[in-house]
Amino acid sequence: MATGPVALYTVVAVAPSVLFWCALKVPTVLRRWRRRREPEAPAGPPIEKLAADLRRVHRLLAELPSGASAVRRYGTRQAYDALLVQACREVEVDHRLDELPEGFDRGIERLRVEESLAERGLSVS
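Residues numbered from 1 in each chain as written. Predicted model: local features only at pLDDT ≥ 70, side-chain atom pairs only at ≥ 80, totals over all residues. Heavy atoms only, no water.

(A) Quick peek at the overall build of the chain. When helices and strands are tallied, the chain shows four helices and zero strands. Reading the chain from its N end, one meets helices and strands in the order α-α-α-α. Its C-alpha atoms give the chain a radius of gyration of 30 Å, clearly above 14 Å, the size a compact globule of 125 residues would have. Principal-axis analysis of the C-alpha atoms gives the chain an extent of 100 × 30 × 25 Å. Expressed as a percentage of the 125 residues in the chain, the buried residues total 22%. For the chain, the separation between the mean place of its 20 positive charges and that of its 17 negative charges on side chains is 10 Å. (Helix = DSSP H or I, 4+ residues; strand = E, 2+ residues; numbered from the N terminus. Rg over C-alpha atoms; globule rule 2.2 N^0.38 Å. Buried < 20%, exposed > 50% of the residue type's maximum accessible area, 1.4 Å probe, protein only. Lys, Arg positive; Asp, Glu negative; His and termini not counted. Charge placed at Lys NZ, Arg CZ, Asp CG, Glu CD.)

Structure follows, in structure tokens:
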């Protein structure tokens, strides 16, 4: 028995299926490969903008007049804490600002976080 005609028949029968399979799969594989080579997009705003926002809100918090309402003080502190949490996430500093209730302990944690950020090169004041 000659193997030539059997091999030719196999190639003729299988080639269209293989070509169609490649036509369907190759674009997907190329897209995945390109995505893997692209750098990851940052999750938050640029660190420069975050630092500027931190300084601005810190200044607002420090310059609140003595007659400011409790709601305004609380809101400004919450905004400042949210920015501190974002900055901690960006420069990988541990914090407990989400866990602690408003009060003395949270104020101490705020100071510790500010110092940790300053050690990493992100000055708040």
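There's plenty left to go through after this.
(B) Fine view of a nonpolar patch on the surface. A cluster of nonpolar side chains, Val26, Leu30 and Trp33, forms an exposed patch at the surface whose accessible area comes to about 270 Å². Relative to the assigned elements, Trp33 resides in helix H1 (residues 3-37). Take Trp33: its relative accessible area is 42%, and that puts it in the partly exposed class. (Patch = residues over 30% accessible without salt bridge, like charges linked within 9 Å, V, L, I, M, F, W, Y side chains within 5 Å. Areas by Shrake-Rupley, 256 points an atom, 1.4 Å probe, with all protein chains shown as cover. Salt bridge = Lys/Arg side-chain N within 4 Å of Asp/Glu carboxyl O.)

(C) How the structure looks around helix H3 (residues 70-91). In this model H3 runs 31 Å from its N-terminal to its C-terminal C-alpha over 22 residues, within 8% of the 32 Å that 1.5 Å per residue would give. Looking at H3, one finds that the buried residues are Thr76, Tyr80, Asp81, Leu83, Leu84, Val85, Ala87, Cys88 and Val91. Next to the buried residues of H3 lie helix H2 (47-62) and helix H4 (104-119). Positive phi appears at Glu92, one or two residues downstream of H3, with a value of about 60 degrees. (Expected span 1.5 Å × (residues − 1). Contact = heavy atoms within 4.5 Å.)

(D) Here's a closer look at a positive patch on the surface. A contiguous patch of positive charge, built from Lys25, Arg31, Arg32 and Arg35, is present on the exposed surface. Structurally, Arg32 can be placed in helix H1.

(E) Main features of the packing of H2 against H3. The geometry of H2 relative to H3 is characterised by a closest axis approach of 10 Å and an angle of 155 degrees between their N-to-C directions. With respect to H3, the axis of H2 lies roughly antiparallel. In this structure, H2 crosses over H3, and the sense of that crossing is left-handed. Contact with H2, carried on its side by Ile47, Leu50, Asp53, Leu54, Val57, His58, Leu60 and Leu61, involves Arg73, Thr76, Arg77, Ala79, Tyr80, Leu83, Leu84, Gln86, Ala87, Glu90 and Val91 of H3 and no other residues of that element. In the contact of H2 with H3, the residues fall into twelve nonpolar, three polar and four charged. (Axes fitted to C-alpha atoms, helices over the stretch in contact; angles between N-to-C directions. Parallel < 35°, antiparallel > 145°, perpendicular 65-115°, else oblique. Left-handed = near helix turned anticlockwise from the far one by under 90°. Nonpolar A, V, L, I, M, F, W, Y, C, P; charged D, E, K, R; others polar.)

(F) Highlighting the domain arrangement of the chain. What the domain assignment reports for the chain is domain 1 (1-38) and domain 2 (47-120). If you average the C-alpha positions of domain 1 and of domain 2, the two centres end up 58 Å apart. (Domains from an automatic or database assignment.)

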